[in-house]
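Letter by letter, the chains look like this.
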Amino acid sequence: MFDHLMAPPPLTDPHELKAFVVDEGHGVKGLAELKIKSLPALFIQPLEKRLDMSKVVPHESIPVIDMSNSEDPEVEQRICDAAENWGFFQIVNHGVPASVLEDVKEATRRFFDLRADEKKKYLFKNSRTKNVRLVTSFIPEVDKVLEWKDYLSCFYVSDDEAMAYWPSVCRDQVLEYMNKSESLIKRLLEVLMKRLGISELNETNEPILKGSRRINLNYYPVCPNPELTVGVGGHSDVSTLTVLLQDEIGGLYVRKLHSENWVHVPPIKGCLTINIGDALQIMSNGRYKSIEHQVVANGHENRISVPIFVNPRPSDVIGPLRETMRRGEKGLYKQVLYSDYVKHFYRKSHNGKDTIDFAKA
Ligand code: OGA
Ligand code: NI
């Protein structure tokens with residue numbers, strides 16, 4: 001925060017503004033805390049990138065599935081149907097303790113409440129490891145217009161590595177959340193594979209489906225003109241699947257399959273949101289859908305969310321699984337090195353579903 005004795009940061013020059021938010025650890029959170037009255041041009045998104053509220057269908061929602069009896073064939077069917085028809089669903093009674101979820105949200109707030117000079121240590125240019133980075137917008141080096149979001153992204157290597165490099169104000173809670181969601185992730189993948197004719201996770205398929213993980217702590221500060229910008233622009237995740245924890249604010253919208261319409265993902269206490277990512281759309285040969293989603297900015301409240309991206313290993317070559325083409329179906333996607341796919345994602349600003357074109361046969 002700036003007290004009145006310090007010179008205010010120069011907010012009129014776009015280069016200096018960008019340096020303030022992107023390079024000095026302030027983030028958009030630091031900008032929001034200056035109580036600016038209107039949104040700087042740097043964040044004003046072209047119309048086609050903003051959510052057109054007239055396309056939001058108010059009376060529909062993604063499936064909500066009770067996982068307490070996940071061996072029940074009916075539950076398995078609901079999970080697979082949701083993955084095919086929505087690509088997104090919410091789960092209750094998922095086995096991750098409520099206290100673990102509360103703790104990781106609290107830890108996220110604690111990290112973003114650090115002073116800029118503390119947070120600055122985690123910017124890519126200063127970070128002691130390439131596996132931890134604090135970012136504003138999506139890719140500030142590439143984004144022509146910035147998104148109204150700060151995030152800390154941590155690639156998991158091992159507990160020891162996390163203990164050495166992840167911020168101490170949040171790492172224990174984040175690790176606990178990752179640990180406690182492990183069996184849920186495994187169960188979801190088992191269920192989804194079963195419909196594809198793969199009866200078990202084993203040494204061969206398990207690493208390709210879930211061999212690496214990335215966790216992001218997302219912070220969407222209150223915004224002076226939320227309708228002119230985005231929290232996150234429309235995109236699909238590059239994961240196999242994503243486990244998303246959101247707080248009680250709301251603002252995540254999901255595209256309805258094969259339509260121009262969007263549905264809101266309402267926060268439900270204790271719930272986790274699951275979505276299919278591009279890697280599983282590719283591996284299931286298009287059967288499971290990686291759906292475009294976006295987050296709007298909020299004019300009244302700060303919002304946080306914490307996605308775990310469950311991914312193939314960077315060194316894996318992914319393509320449609322053999323079992324998905326048993327009846328002579330054509331492969332819709334070619335074999336791609338997963339790290340190449342991810343690199344492609346991080347080379348361009350968010351642009352809907354276009355990442356997957358990289359793998360089209
Ligand atoms: C993401 C994402 C949604 C949210 O981080 O990829 O889509 O609700 N987040 O923050
Ligand atoms: Ni996403």
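Notes on the structure in this doc start here. No experiment lies behind these values; they were computed from the predicted model shown.

What counts, and at which threshold
- Residues numbered from 1 in each chain as written.
- Chains lettered and ligands numbered in written order.
- Predicted model: local features only at pLDDT ≥ 70, side-chain atom pairs only at ≥ 80, totals over all residues.
- Heavy atoms only, no water.
- Donors = N, O, S within 2.8 Å, 3.2 Å for Na, K, Ca; no water.
- Helix = DSSP H or I, 4+ residues; strand = E, 2+ residues; numbered from the N terminus.
- Buried < 20%, exposed > 50% of the residue type's maximum accessible area, 1.4 Å probe, protein only.
- Core = buried A, V, L, I, M, F, W, Y, C linked by side-chain atoms within 4.5 Å.
- Contact = heavy atoms within 4.5 Å.
- Near = heavy atom within 4 Å.
- Polar contact = N/O pair within 3.5 Å; in protein donor to acceptor, adjacent residues only side chain to side chain.
- Nonpolar A, V, L, I, M, F, W, Y, C, P; charged D, E, K, R; others polar.
- Axes fitted to C-alpha atoms, helices over the stretch in contact; angles between N-to-C directions.
- Parallel < 35°, antiparallel > 145°, perpendicular 65-115°, else oblique.
- Salt bridge = Lys/Arg side-chain N within 4 Å of Asp/Glu carboxyl O.
- 1 Å grid on protein atoms, 1.4 Å probe; cavity = no way out; pocket = protein on both sides within 12 Å on 5 of 7 lines; lining within 4 Å.
- Points joined across faces, edges and corners; volume = space filled by probe spheres on them.
- Pairing = 2+ DSSP bridges.
- Phe/Tyr/Trp six-rings, centres within 6.5 Å; stacked < 30°, edge-to-face > 60°.
- Lys NZ or Arg CZ within 6 Å of the ring centre and 35° of its normal.

## Some remarks on the coordination of the nickel ion (ligand 2)
Then, in step 1: Bound to the nickel ion (ligand 2) are the protein donor atoms His235 (NE2), Asp237 (OD) and His293 (NE2), situated 2.1 Å from the metal.
Then, in step 2: In primary-sequence terms, the residues that donate to the nickel ion (ligand 2) follow H-x1-D-x55-H. With His235 in strand S6 (residues 232-235) and His293 in strand S11 (residues 293-295), this residue pair connects regions lying 58 residues apart in the sequence. The burial state of His235 is the same as that of His293; both residues are buried.

## Considerations on the nonpolar core
Generally speaking, soluble globular proteins have nonpolar side chains that are buried together.
Then, in step 1: Of all hydrophobic cores here, the largest spans 73 residues; its most connected members are Ile79, Leu152, Trp166, Tyr177, Leu192, Ile215 and Leu272.
Then, in step 2: Considering every element that reaches this core, the biggest residue donor is helix H8 (residues 182-195), with seven residues.
Then, in step 3: Each residue touching Leu152, except ones within four places of it in the same chain, is listed here: Phe111, Phe112, Tyr122, Val132, Arg133, Leu134, Pro167, Cys170, Ile215, Asn216 and Leu217.
Then, in step 4: Counting 15 residues, the second largest nonpolar core, distinct from the first, contains Leu17, Val28, Ile36 and Leu42.

## Topic: the site of ligand 1
Then, in step 1: In the neighbourhood of ligand 1, 13 residues make up the surrounding shell, with Tyr220, His235, His293, Arg303 and Ser305 lying closest.
Then, in step 2: At 3.1 Å, a side-chain N or O of His235 approaches an oxygen atom of ligand 1.
Then, in step 3: Of all the secondary structure elements, the ones that give two or more residues to the shell around ligand 1 are strand S5 (212-220), S11 and strand S12 (303-311).
Then, in step 4: Residues of the shell around ligand 1, tallied by class, amount to six nonpolar, four polar and three charged.

## Re the packing of helix H3 (residues 73-85) against H8
Then, in step 1: Contact pair H3 / H8: the axes reach a minimum separation of 9 Å and the direction vectors enclose 80 degrees. By the angle between their axes, H3 is roughly perpendicular relative to H8. Between H3 and H8, the residues in contact are Glu76, Gln77, Ile79, Cys80, Asp81, Ala83 and Glu84 and Arg187, Leu188, Val191, Leu192, Lys194 and Arg195, respectively.
Then, in step 2: Of the residues assigned to the contact of H3 with H8, the class counts are six nonpolar, one polar and six charged.

## Brief notes about the pattern of salt bridges
Then, in step 1: In total, this model carries 27 salt bridges according to the counting rule given.
Then, in step 2: Across the pair Lys194 and Glu76 runs a salt bridge whose closest N-O atoms are separated by 2.8 Å. Taken as a pair, Lys194 in helix H8 and Glu76 in helix H3 lie far apart in primary sequence, 118 residues in all.
Then, in step 3: Overall, the relative accessible area of 11% leaves Glu76 in the buried class.
Then, in step 4: Residue Glu84 is joined to Arg195 by a salt bridge in which the shortest nitrogen-to-oxygen separation is 3.0 Å. Linking Glu84 in helix H3 with Arg195 in helix H8, this pair joins segments that are 111 residues apart in sequence.
Then, in step 5: We classify Glu84 as buried; its relative accessible area is 15%.
Then, in step 6: With relative accessibility at 24%, the residue Arg195 sits in the partly exposed group.
Then, in step 7: Each of Glu71, Glu76, Arg187, Glu190 and Lys194 takes part in salt bridges that share partners, so that together they form one network.

## Observations regarding empty space enclosed by the protein
Then, in step 1: Applying the stated criterion to the full structure yields one cavity of 30 Å³ or more.
Then, in step 2: What the largest cavity holds in volume is close to 60 Å³.
Then, in step 3: In terms of lining residues, the largest cavity is bounded by Val21, Val22, Gly25, His26, Gly27, Phe112, Lys119, Leu123, Leu134, Val135, Thr136 and Asp150.
Then, in step 4: Listing elements by their share of the lining of the largest cavity, those giving two or more residues are helix H1 (14-23) and strand S3 (132-136).
Then, in step 5: Considering every element that reaches the lining of the largest cavity, the biggest residue donor is S3, with three residues.
Then, in step 6: For the lining of the largest cavity, the per-class residue count stands at six nonpolar, four polar and two charged.

## A word on the pairing of strand S10 (residues 272-276)
Then, in step 1: With five of its five residues buried, S10 lies for the most part within the structure.
Then, in step 2: By the alternation rule, side chains of S10 split into Leu272, Ile274 and Ile276 and Thr273 and Asn275, which are all buried.
Then, in step 3: Pairing between strand S2 (residues 88-92) and S10: four bridges, direction antiparallel. Among the inter-strand pairings, Gln90 is bridged to a residue of S10, identified as Thr273.
Then, in step 4: The pairing of strand S7 (residues 241-246) with S10 spans four bridges and is classified as antiparallel. Paired with Val243 across the strands is Ile274, a residue of S10.

## As for the packing of aromatic side chains
Then, in step 1: Tallied over the full model, the rule gives nine aromatic pairs.
Then, in step 2: Pairing Tyr156 with Trp166 gives two aromatic rings, centres 6.3 Å apart and planes at 75 degrees, and the pair type is edge-to-face. Within this pair, whereas Tyr156 is found in the loop between strand S4 (150-155) and helix H6 (159-165), its partner Trp166 is found in the loop between H6 and helix H7 (171-180), the two being separated by 10 residues in sequence.
Then, in step 3: A ring pair is formed by Phe345 and Tyr346, whose centres lie 5.0 Å apart and whose planes are at 70 degrees; its orientation type is edge-to-face.
Then, in step 4: Through a chain of ring-to-ring contacts, three or more aromatic side chains come together here, namely Phe111, Phe112, Tyr122 and Tyr219.
Then, in step 5: Across the ring face of Tyr151, the terminal group of Lys149 is positioned such that the distance to the ring centre comes to 4.9 Å.
Then, in step 6: The residue whose ring lies beneath Arg213 is Tyr156, and the NZ or CZ to ring-centre distance is 5.1 Å.

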